[in-house]
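Fold and contact review
Here's the letter readout for the chains.
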Amino acid sequence: QVQLVESGGGLVQAGGSLRLSCAASGSIFSINAMGWYRRAPGKQRDLVAQITSGGMTNYADSVKDRFTISRDNAKNTVYLQMNSLKPEDTAVYFCNLRTEGHFSGITYYPRRDYWGQGTQVTVSS
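Quick look at the structure, then. All values reported here derive from a predicted model rather than from experimental measurement.

Thresholds, definitions, all that
- Residues numbered from 1 in each chain as written.
- Predicted model: local features only at pLDDT ≥ 70, side-chain atom pairs only at ≥ 80, totals over all residues.
- Heavy atoms only, no water.
- Helix = DSSP H or I, 4+ residues; strand = E, 2+ residues; numbered from the N terminus.
- Contact = heavy atoms within 4.5 Å.
- Phe/Tyr/Trp six-rings, centres within 6.5 Å; stacked < 30°, edge-to-face > 60°.
- Lys NZ or Arg CZ within 6 Å of the ring centre and 35° of its normal.
- Core = buried A, V, L, I, M, F, W, Y, C linked by side-chain atoms within 4.5 Å.
- Buried < 20%, exposed > 50% of the residue type's maximum accessible area, 1.4 Å probe, protein only.

**Examining the environment of D46**
When you line up the elements, D46 lands in strand β5 (residues 46-52). Taking the C-alpha atoms as reference, D46 lies 9.5 Å from Y93; in sequence the two are 47 residues apart. In this view, D46 contacts W36, Y37 and R38; residues no more than four positions away in its chain are not counted.

Put into structure tokens, the structure is as follows:
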């Protein structure tokens with residue numbers, strides 16, 4: 001079983017920065033990608049940034065050139081550096097880990113998404 005623990009959220013003024021961290025632990029095989037999603041009040045959860053196992057990144061248009069996603073494979077951790085924060089960035093941010101299907105012995109484990117509990121980011125004017 002995989003566990004994801006987020007940290008780094010908080011309250012920051014517009015224009016400020018925060019760095020989110022997500023540490024993964026447990027039995028992890030065949031990682032497809034790790035990323036960050038966010039859910040603003042009254043809205044659906046949307047992709048913020050993602051980094052694939054091959055190192056490719058993609059970002060929501062609203063955060064492109066302001067946020068940077070990175071990873072530390074040795075620490076099983078993914079980061080989201082958020083600069084030039086805006087009030088519209090206020091949301092609960094969720095860490096996501098996606099695995100590809102794989103065989104372990106004679107047992108097949110299908111692709112699966114794992115989620116952290118979320119960390120609140122609040123940006124004030």
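Here the narrative resumes, following the displayed structure.
**Concerning the packing of aromatic side chains**
Considering all chains together, one arrives at 2 aromatic pairs under this definition. A centroid spacing of 5.0 Å and a plane angle of 70° characterise the contact between Y37 and W115, whose relative ring orientation is edge-to-face. Of this pair, Y37 sits in strand β4 (residues 31-39) while W115 sits in strand β12 (residues 112-115); the two residues are 78 residues apart in sequence, bridging distant segments of the chain. Lying over the aromatic face of W115, R45 brings its terminal NZ or CZ to 3.6 Å of the ring centre.

**Quick look at the nonpolar core**
Formed by 28 residues in total, the largest nonpolar core has its most connected members in L4, W36, L80, M82 and Y93. For this core, the secondary-structure elements that each account for two or more residues are β1 (2-7), β3 (18-26), β4, β5, β7 (67-72), β8 (77-82), β9 (91-99) and β13 (119-124). When residues no more than four places from it in sequence are discounted, the contact partners of L80 are L18, R19, L20, W36, V48, A49, F67, T68, I69 and Y93.

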